[in-house]
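What follows is each chain in one-letter form.
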Amino acid sequence: MRIVFMGTPDFAVPSLQALLDAGHEVAAVYTQPDKPQGRKQILTAPPVKELALAHGIPVFQPDTLKKEEEQARLRELAPEVIIVVAYGKLLPKAVLGIPPRGCINVHGSLLPRWRGAAPIQWAVIAGDEKAGVTTMLMAEGLDTGDVLVCEKIAIGPEETSGELFDRVTAVGARVLCEAVPAMEAGTLQPQPQQHENATLAPMLDKELAEFRLTDTAAHIHNWVRGMNPWPMAWFVTAGGKKVKVTECRVAASNGEAPGTVLSTKPLTVACADGAVQLLHVVPEGKKPMDGTSFAAGLRLKAGDTL
């Protein structure tokens with residue numbers, strides 16, 4: 001099948017590779033413009049662009065698809081289908097109507113739950129027991145199209161969003177390569193989403209990653225897992241210092257006030273309805289360390305307030 005592929009980050013790379021491995025004709029790749037990255041702000045190509053160039057596929061990086069000249073170029077490419085995987089831009093109605101077989105999107109959630117930019121992270125943050133992958137026919141709204149294929153993925157109780165991301169990415173590539181030939185054969189029956197059950201998964205940022213020791217133990221645990229590897233969950237100590245937490249576990253308390261140190265081996269701190277073990281942390285201005293070492297540096301003891 002003749003395909004135009006639209007995608008940008010690491011999440012989209014296995015899907016593009018799987019389509020190439022399956023022998024599909026990828027006429028062109030659309031991806032976000034190169035962006036400065038790192039402390040030196042070096043202009044860096046998106047991962048999808050690097051893969052496309054390695055296979056000699058034409059790459060286009062328009063700022064918008066709303067311009068007539070961009071839409072004319074897509075029509076000239078004459079794709080049978082446009083496949084979109086974490087492209088980062090909404091497709092205008094005019095673009096959705098170009099390929100005769102429509103536009104297929106691969107989304108990292110069980111739609112209509114977690115529509116938006118960060119579905120894998122929010123599934124973990126919310127404490128969901130299952131995540132998944134949905135392939136759908138794209139519509140004008142945000143992840144609102146009819147579902148083609150949906151596959152569930154169990155979330156481990158200690159799994160981080162980064163770990164889950166790797167598994168969802170692999171499943172997404174496989175499900176896509178099952179959906180495309182089935183669509184070509186006419187054996188898929190699109191199913192409307194239950195829009196009344198929709199939830200949103202907005203993009204994460206560093207400010208959003210803050211939690212408080214007055215939160216529940218389950219909330220803190222899920223927050224830490226969901227914000228790992230980025231932007232990393234953090235809280236502010238009673239002394240006003242910012243501390244990132246990269247790993248924690250739920251523990252029990254005897255009703256002590258939130259922030260009370262219950263133990264330093266491992267560092268266990270009371271919260272709203274129990275306690276959390278802060279197993280690995282990154283104190284402000286310091287290197288990563290285990291919670292016990294962090295407690296030793298502050299000379300904390302049981303009964304102190306963190």
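Note that this is a predicted model, so its numbers are computed, not measured.

Each value, and the rule that gives it
- Residues numbered from 1 in each chain as written.
- Predicted model: local features only at pLDDT ≥ 70, side-chain atom pairs only at ≥ 80, totals over all residues.
- Heavy atoms only, no water.
- Helix = DSSP H or I, 4+ residues; strand = E, 2+ residues; numbered from the N terminus.
- Buried < 20%, exposed > 50% of the residue type's maximum accessible area, 1.4 Å probe, protein only.
- Contact = heavy atoms within 4.5 Å.
- Phe/Tyr/Trp six-rings, centres within 6.5 Å; stacked < 30°, edge-to-face > 60°.
- Lys NZ or Arg CZ within 6 Å of the ring centre and 35° of its normal.
- Core = buried A, V, L, I, M, F, W, Y, C linked by side-chain atoms within 4.5 Å.
- Arc of directions from axis to C-beta.
- Polar contact = N/O pair within 3.5 Å; in protein donor to acceptor, adjacent residues only side chain to side chain.

Q: Any chance you could explain the side chain of Ser-15 here in plain terms?
A: Along the polypeptide, Ser-15 turns up in helix α1 (residues 13–21). Note on Ser-15: relative accessible area 1%, which makes it buried. Dropping the residues within four chain positions of it, Ser-15 is found in contact with Phe-5, Val-85, Gly-172, Ala-173 and Leu-176.

Q: What am I meant to see in the packing of aromatic side chains here?
A: Centre distance and the angle of the planes are the two values used to describe a pair of aromatic rings. For the coordinates displayed, the defined rule picks out 5 aromatic pairs. With a centroid separation of 5.3 Å and 45° between ring planes, the pair formed by Tyr-30 and Phe-60 is classed as tilted. With a gap of 30 residues between them, Tyr-30 in strand β2 (residues 25–30) and Phe-60 in strand β5 (residues 59–60) connect regions that are remote in the sequence. With respect to class, Tyr-30 is no different from Phe-60; both count as buried. Centre to centre, the rings of Trp-114 and Trp-122 are 6.2 Å apart; their planes meet at 25°, and the pair counts as stacked. Across the pair, Trp-122 and Trp-114 agree in class, each one buried. Taken together through their ring pairs, the aromatic side chains of Trp-114, Trp-122 and Trp-223 make up a single cluster. Its guanidinium or amino end placed over the ring of Trp-234, Lys-242 lies 4.3 Å from that ring's centre, counting from NZ or CZ.

Q: Help me understand unusual backbone geometry in this model?
A: In terms of backbone geometry, most residues other than glycine have negative phi values and most peptide bonds are trans. The omega torsion of the bond from Trp-230 to Pro-231 falls at 10°, within 30 degrees of zero and hence cis. One can find Pro-231 in the loop between α7 (217–226) and β10 (233–236). The omega torsion across Lys-265 and Pro-266 is -5°, close enough to zero to call that bond cis. Along the chain, Pro-266 turns up in the loop between β12 (261–264) and β13 (267–270). A positive phi angle is found at Gln-41, which is not glycine, with a value near 50°. Tracing the chain through its elements places Gln-41 in the loop between β3 (35–37) and β4 (42–44). Phi angles above zero are rare outside glycine, and Asp-143 is one such case at about 55°. Along the chain, Asp-143 turns up in the loop between β8 (130–137) and β9 (147–154).

Q: Before we go on, may I ask you to explain the nonpolar core in this structure?
A: One broad trend across soluble globular proteins is that nonpolar side chains are buried collectively. In terms of nonpolar packing, the biggest core is built from 67 residues, with Phe-5, Val-29, Ile-83, Phe-211 and Leu-278 touching the most fellow members. Element by element, the count of residues in this core is highest for helix α6 (residues 161–185), at 8 residues. Beyond its immediate sequence surroundings of up to four residues, Val-29 is in contact with Phe-5, Leu-16, Val-48, Ala-52, Ile-57, Pro-58, Val-59 and Phe-60.

Q: Even after reading the chapter, I still don't get helix α8 (residues 291–298), so can you show me in this structure?
A: An α-helix turns once every 3.6 residues. As a result, residues three or four positions apart point the same way. Of the residues making up α8, those classed as buried are Gly-291, Phe-294 and Ala-295. Buried residues in α8, looked at end-on, bunch into an arc of 100°, giving them a common side. Turned more than 90 degrees off the buried face of α8, the exposed positions are Ala-296 and Gly-297. The elements touched by buried residues of α8 are β11 (242–251), β12, β13, β14 (275–283) and β15 (289–290). With a side-chain oxygen lying 3.1 Å from the backbone nitrogen of Thr-292, the N-terminal cap of α8 falls on Asp-290.

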